[in-house]
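Below, each chain spelled out in residue letters.
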Amino acid sequence: MEAAPILHKKTMTLKTLRFKVDPYSADRTTRLKISGLSAIVAILASSGLFLLVGANPIQAFSSMFTGAFGNWEYWSVGEFYQLSETLVKMIPVLLTTLAVLTAFRMRFWNIGADGQFAMGAVAATGIALFSKSWFPSLPDWFVLPLMFIAGMLAGALYASISAFLKLKFGVNEIISTLMLNYVAILLAEYLYFGPWQDPQGMGFPGTAQFELFARMPRLFGRVHPGLIFGLVVALLLWIWLDRTPQGFEVKMTGLNPQAARYAGVNLVRNTLLVMLVSGAIAGLAGMSEVSGLAYRLQQGVLAGYGNTAIIVAWLSRLRVGPAVIVSFLISALLVSGEQVQISLGLPAAIALVLQGLILFVFLIGDFFTRFRISRVQLTTKQEQM
Amino acid sequence: MEGNTQPLVSMRGIWKSFPGIIANQDVNLDLYAGQVHALLGENGAGKSTLMNILAGLYLPDAGEILIHGQQTAIPTPRRAFELGIGMVHQHFMLVDSFTAVENIVLGMNGPALKLDLRSATKQIQSLSEQYNLDVPMDIPVGGMTVGIRQRVEILRLLFRQTSILIFDEPTAVLTPQEADTLGRIIRSLSAEGKAVVYITHKLREVLEFSHMVTVLRGGKIVATQPVDQVSESQLVEMMIGERFISPTNPGGSESGIEVLRLVNVQTMNDAGSPALREVNIRVQKGEILGIAGVSGNGQMELAEILVGLRKLTGGEIWLNGKNVSGNSARQLIDNGVAYVPGERMRYGLVGPMTVAENLVIKGYRRKEFQKGIFLNYNRMAYSSREIVREHSIKVPDEDMPIHLLSGGNQQKVILARELHEPHLLLIVENPTRGLDVKSTAVIHQMLLKEREQGNAVLLISSDLDELLALSDRIAVMYAGRIVGEMSASGTSPLEIGNLMTGRGSGSHPS
């Protein structure tokens, strides 16, 4: 301890920090915790966004909540307008989500819900506008069921094109369903800009309004029976996909088609069936939008729910129950985003940024329920004289 | 190795754990230049884990690695490669759609924008001639047989001039002759001053190929000794910790009742060339027919046509007196065909599904698992718990995705499932490939029990010892034909090996 040694032992510790990612499956409580954490992060991140554009986050959130669900002032006088608007938005979101969820269960990447939606809307519109002139003796009450069937059939057949191309020629379904979106949407545009345009519409891009017999009745607010369709379809899908042998086959095929083939599953039949069902549900969404909400085929009806549907399907991990809940929440987000524009005078783009931000946070959260990331510390000691 | 006192590689106090298991506990290993070091142990003993750490694929939880006496971290395979460490993995690490040359060059350091495949090809070709590793250079490796793909893996190491070469059970898919050739290659590598690690569970290879042997059991080192100072029985004892008697076929079965008969069966492979040429075989009730052959001579296609995964282009299949040619997979299952495929994760299992679900991926159609139009999930869960218990499959949680289980337990799940389905004919393809001695014995017993119970077993295997121990008769496949058939008791590995390599049993090479 006397003089400081000139040569002393130096111990250098080199730390290498690394992260490793291992797949695992989180249990229910972990998943709940991660969801809660995601919600907090999402709120913090959107608060930051509001501050950035000079808005009071608390005010903004409360106006978002009011926009999507209403508040006590409204509820106390029996006014549920905002909530009903959220439900109106939920109808196409839920139905298209269920459509892509069905196909995704089989790892059939149906990106074409928009196209099938458009074909459903077109077919239903065709029946609404022309069935009476083709068959004058057709009773009024029969038109809506016909539209219902035509919408589903059109969506199903349209989806089956991609299924057929895939099965017969190995055409990638992502490409074919995506390209067919443009075909269907342009066809619809051609129709309402051209031959089906309302003669009394003074050039407005849209068909004539449907006769009363071709409109579905409203349940409350602007909510139409499409909501019931959505919930019934959800129930049937849950039974089919999660409770029956065929649903088991679909799941198996999606996760390992080779093993499914070896276990004796008929891949061709199941692929066709799944795509028919998927397309039919998307077509039903299109039909219910024109006959329940817009009462005509016009610009804005084909609002492109397909992409939202893909996100919702993933967030709900391709499970039907969660898909219903997530559809509702996403719809609330869509509606409340509009509200932020109106009541706080923020630019329209803010609503979209907000939606993107929130979805992004939840998708990251979802990653942590599938993969465990742990920190690995390597310590290397280097000793020198 | 006298005078060469400093180890090239020294692994000290290595610990590594995975969820639920400790794969390496305080493991020490010294590798010297010019020495072949065998790592012996059952599957799950921690051999592969230890070598994956050395190759930079895993990071140890604790412990240190010294290379030339210098403490070194090997955080990535690239770093391992820079340090001259290379590995031929048990499951090949090749990009299917790349050619052999592209795979070999992949990951090499070099100018970022310039890829000189032509000179690389030349170099690789000369290496492949030098070491008798015949490989087609410019077709995608995805279409190659397992045996050839392995050669690509070995060439990759040789091309990189690594100084420490790790072989993870390299002979598992080779014929005895090819294995001997590989042994000579390994010896010459060590003669050139390279350090070779040889992971195996074959004792013969340990004794013939290596200088030192380290036995691992349950993640711990049992012993490290020069090979000339241990006997075979000592090694076995160290490895499994208890005496073990290999089951053998009692023989003498002639039921005369035919279960399976193939008449002039022909089929094509995926590339559209003939894979089976006029194959004729018969399997009787209570008999094990072994199919020997180097992998890639039509065995896989033979299994596939028998389970309805591949179409016949000629000939007939008769099952239990019924012509089942052209039956679908489901019809064949219903007619009593059970199948344990060679590649577990490809055909046998649905990776992300749970153990319980995987146990019923064939049985879900049966009445007992249905309740009206619904699947009876409770019944399925109950039944799978029974099966798991009966076959002592180690499962931490039945709702765990099966791809998180060990290979041995995955194989047990498949076998248990197939045996629980009603069947007359069991087709098994390399059932013990990559499994440890104890699991191998369990599976062999299960196959013999099948035979005893009067089922017909078609055993397709590239392991001659397995074929000789279990089969009543052995048919040898070469280039899509049956080139010889003999009773297992009246043949020798040499005779089969000759047929397997197309040399014929003597007179005519056909």
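Below is a summary of the structure that appears in this document. Keep in mind that what you see is a predicted model, and the values were worked out from it rather than measured.

1. Here's the deal with the overall build of chain B
Okay, so step 1: The number of helices and strands found in chain B is 17 helices and 22 strands.
Okay, so step 2: When burial is assessed residue by residue, chain B has 48% of its 510 residues classed as buried.
Okay, so step 3: In chain B, of all internal contacts separated by at least 6 residues, the share reaching a separation of at least 24 is 68%.

2. Notes on the overall build of chain A
Okay, so step 1: A count of helices and strands for chain A gives 14 helices and 2 strands.
Okay, so step 2: Dimensions of chain A, computed from C-alpha atoms along their principal axes, come out at roughly 115 × 60 × 35 Å.
Okay, so step 3: Out of the 385 residues belonging to chain A, those deemed buried represent 42%.
Okay, so step 4: By sequence separation, contacts in chain A at least 24 residues apart represent 77% of the contacts at least 6 residues apart.

3. What to know about the interface of chain B and chain A
Okay, so step 1: With 28 residues of chain B at the contact, the number on the chain A side is 20 residues.
Okay, so step 2: Of all the secondary structure elements, the ones that give two or more residues to the side of chain B that touches chain A are helix 10 (329-334), helix 11 (344-348) and strand 18 (374-375) of chain B.
Okay, so step 3: Its residues assigned to classes, the side of chain B that touches chain A comprises 20 nonpolar, 4 polar and 4 charged.

4. Thoughts on the environment of Thr214(B)
Residues and elements named next belong to chain B.
Okay, so step 1: Looking at the secondary structure, you find Thr214 in strand 9 (residues 212-217).
Okay, so step 2: By C-beta crowding, Thr214 is classed as buried, having 24 other C-beta atoms within 10 Å.
Okay, so step 3: C-alpha separation for the pair Thr214 and Phe18, spaced 196 residues apart in sequence, amounts to 22 Å.
Okay, so step 4: Residues contacting Thr214, with those up to four places away along its chain left out, are Leu29, His37, Leu39, Ile221 and Thr224.

5. Regarding helix 5 (residues 113-134) of chain A
Okay, so step 1: An ideal rise of 1.5 Å per residue puts 32 Å on 22 residues; helix 5 of chain A measures up with 30 Å between its terminal C-alpha atoms.
Okay, so step 2: For helix 5 of chain A, the tally of buried residues reaches 16 of 22 residues, placing the bulk of the element in the interior.

6. Describing the nonpolar core
Okay, so step 1: Core analysis: the biggest nonpolar cluster contains 92 residues, and Leu95(A), Leu98(A), Ala121(A), Ala124(A), Met147(A), Ile281(A) and Val312(A) have the highest contact counts within it.
Okay, so step 2: The biggest single contributor to this core is helix 4 (residues 81-105) of chain A, with 12 residues.
Okay, so step 3: Among the nonpolar cores identified, the runner-up in size contains 87 residues, and Ile291(B), Ala416(B), Ile460(B) and Leu470(B) belong to it.

7. Here's the deal with the sheet that holds strand 9 of chain B
Residues and elements named next belong to chain B.
Okay, so step 1: Strands sit in the order 6-7-8-3-9-10 across an open sheet of 6 strands; the sheet is mixed. Sheet topology places strand 6 (85-88) and strand 10 (220-226) at the edges, where each strand pairs with a single neighbour. Averaged over all pairs of adjacent strands, the angle between their axes in this sheet comes to 15°, without regard to strand direction.
Okay, so step 2: The sheet contact formed by strand 9 and strand 10 spans 6 bridges and is antiparallel. Bridge pairing links Thr214 to Thr224 in strand 10.

Cut-offs and rules
Residues numbered from 1 in each chain as written. Chains lettered and ligands numbered in written order. Predicted model: local features only at pLDDT ≥ 70, side-chain atom pairs only at ≥ 80, totals over all residues. Helix = DSSP H or I, 4+ residues; strand = E, 2+ residues; numbered from the N terminus. Buried ≥ 20, exposed ≤ 12 C-beta atoms within 10 Å, placed from the backbone. Contact = placed C-beta atoms within 7 Å. Nonpolar A, V, L, I, M, F, W, Y, C, P; charged D, E, K, R; others polar. Expected span 1.5 Å × (residues − 1). Core = buried A, V, L, I, M, F, W, Y, C linked by C-beta atoms within 7 Å. Pairing = 2+ DSSP bridges. Axes fitted to C-alpha atoms, helices over the stretch in contact; angles between N-to-C directions.

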